[in-house]
Amino acid sequence: MSTVKLGFIGTGGNAGRHMRDLSGLEGTELVAFCDVIEEKAEKAADNYNGHSYTDFNQMLTEEDLDAVYISIPPFAHGAPERAVIKAGLAMFVEKPVHMDTQDAREIAQLVDEASIITATGYQERYLDIVDKTKELLADRRVGFFMGYWMGGMPGRWWREKAKSGGQVHEQTTHEIDLARYLFGEATRVYAVDRTGLLPDADYDIEEASAVSMQFENGVFGVMFSACFIQAGMRRSGLDIFCQDGSIEYRLRKSLTLSTAEGEHLWEAKNPYTLEMDRTFIEAVRSGDGSKIRSPYADAVKSAELSIAANQSLLTGQAIHLTK
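Reference entry: report on the structure contained in this document. (Residues numbered from 1 in each chain as written. Predicted model: local features only at pLDDT ≥ 70, side-chain atom pairs only at ≥ 80, totals over all residues. Heavy atoms only, no water.)

On to the packing of aromatic side chains. What the rule picks out here adds up to 12 aromatic pairs. Judged by centre distance (5.1 Å) and plane angle (10 degrees), the ring pair of Phe145 and Phe183 falls under stacked. Here Phe183 lies in helix H9 (residues 173-183) and Phe145 lies in strand S7 (residues 142-150), a separation of 38 residues in the sequence. Under the relative-accessibility criterion, Phe145 is labelled buried at 0%. Arranged with centres 6.1 Å apart and planes meeting at 70 degrees, the rings of Phe183 and Phe215 form a pair that is edge-to-face. Here Phe183, found in helix H9, pairs with Phe215, found in strand S9 (residues 208-215); they are 32 residues apart in sequence, far enough to count as distant. Exposure class is identical for Phe183 and Phe215. Each is buried. Over the face of the ring belonging to Phe75 we find Lys163, whose NZ or CZ atom lies 5.7 Å from the ring centre. (Phe/Tyr/Trp six-rings, centres within 6.5 Å; stacked < 30°, edge-to-face > 60°. Helix = DSSP H or I, 4+ residues; strand = E, 2+ residues; numbered from the N terminus. Buried < 20%, exposed > 50% of the residue type's maximum accessible area, 1.4 Å probe, protein only. Lys NZ or Arg CZ within 6 Å of the ring centre and 35° of its normal.)

The following block contains the structure:
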């Protein structure tokens, strides 16, 4: 088995999870670690016996790599991806993949021209209960769905709209991507929001929003986001309403089908994040990316939906999506 040598751009908490999974995969070597905060890069390098950098261009020039994980805040995307593509390396990009639709599309074109393997961090696509959801929907008529990502307010750059894109773009993007995975492409987006719910906190993002989405196949849905909830019900997932019953997906935990015959429950059991990483590594090793469920170009479409939602919040108008 050939060894896949990996570099990392960004070594924060999300990257750390990837590192832990990847370090346990046979035939995988964690080689180089880059972060704008030198101490974080050095810590990761010490943990995995690699080299640390604060300049990703230097890392890409000096290291012999097969693939790079890019795990950085939304506002930092663009230059790292272009550098990795120029180096001819496979890349795994954490979601959301960009904050700018045009640049994301240009990067997707560069990926296609370079014929490199890509994957992104929409891990729900690898869940066994999501596979089951697709199976249950195959012969059902769907009317509409309601989606949720509701909880509290994270810290740091997440609270700055210019850096995170807000909750819809940075967090609810998981459920937006899942809706695309289940129902296809959306044609129109309209969003409303509410602010001023946490007057003593330092932030400039909306604390609550609802994004209405119309899909090509006629299905529509509303995606609710909330980051103001300090007590009471917190909810994330999808409720799907069909002609003959309903499907309740609870974020990475369970799936319930309710029909006239009763209820059936499935609980998530597979190591979906590990499977996501393993699928990418095997694709890099073989050169065959056909089993990757969310390549870069596809993830761009999910980012476009949340970018459109933010445009709707600014303009007060429905946004019609273009291909």
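With that out of the way, let us pick up the environment of Arg252. In this structure, Arg252 sits in the loop between strand S12 (245-250) and strand S13 (254-259). Once the C-alpha coordinates of Arg252 and Val130 are considered, the two residues, 122 residues apart in sequence, prove to be 8.7 Å apart. Looking at Arg252, its side chain comes within polar contact range of the side chain of His174, at 3.5 Å. (Polar contact = N/O pair within 3.5 Å; in protein donor to acceptor, adjacent residues only side chain to side chain.)

Think of a sheet as strands paired side by side through backbone hydrogen bonds, with each pair either parallel or antiparallel. Reading across from one edge, S3-S2-S1-S4-S5-S6 is the order of the 6 strands in this open sheet, with parallel pairing throughout. One side of each edge strand has no neighbouring strand; the edge strands of this open sheet are strand S3 (51-53) and strand S6 (118-120). Pairs of neighbouring strands in the sheet enclose a mean axial angle of 20 degrees, with direction left out of account. Each of strand S2 (28-34) and S3 is contacted by helix H2 (residues 38-48), which is oriented at about 160 degrees to S2, the strand it contacts most. (Pairing = 2+ DSSP bridges. Axes fitted to C-alpha atoms, helices over the stretch in contact; angles between N-to-C directions. Contact = heavy atoms within 4.5 Å.)

Tallied over the entire structure, the rule returns 23 salt bridges. The partner of Glu206 in a salt bridge is Lys161, and the shortest N-O contact between them spans 2.8 Å. With Glu206 in the loop between strand S8 (186-194) and S9 and Lys161 in helix H7 (residues 161-164), this residue pair connects regions lying 45 residues apart in the sequence. One network of salt bridges, in which partners are shared, links Arg125, Asp177, Arg180, Glu185 and Asp298. (Salt bridge = Lys/Arg side-chain N within 4 Å of Asp/Glu carboxyl O.)

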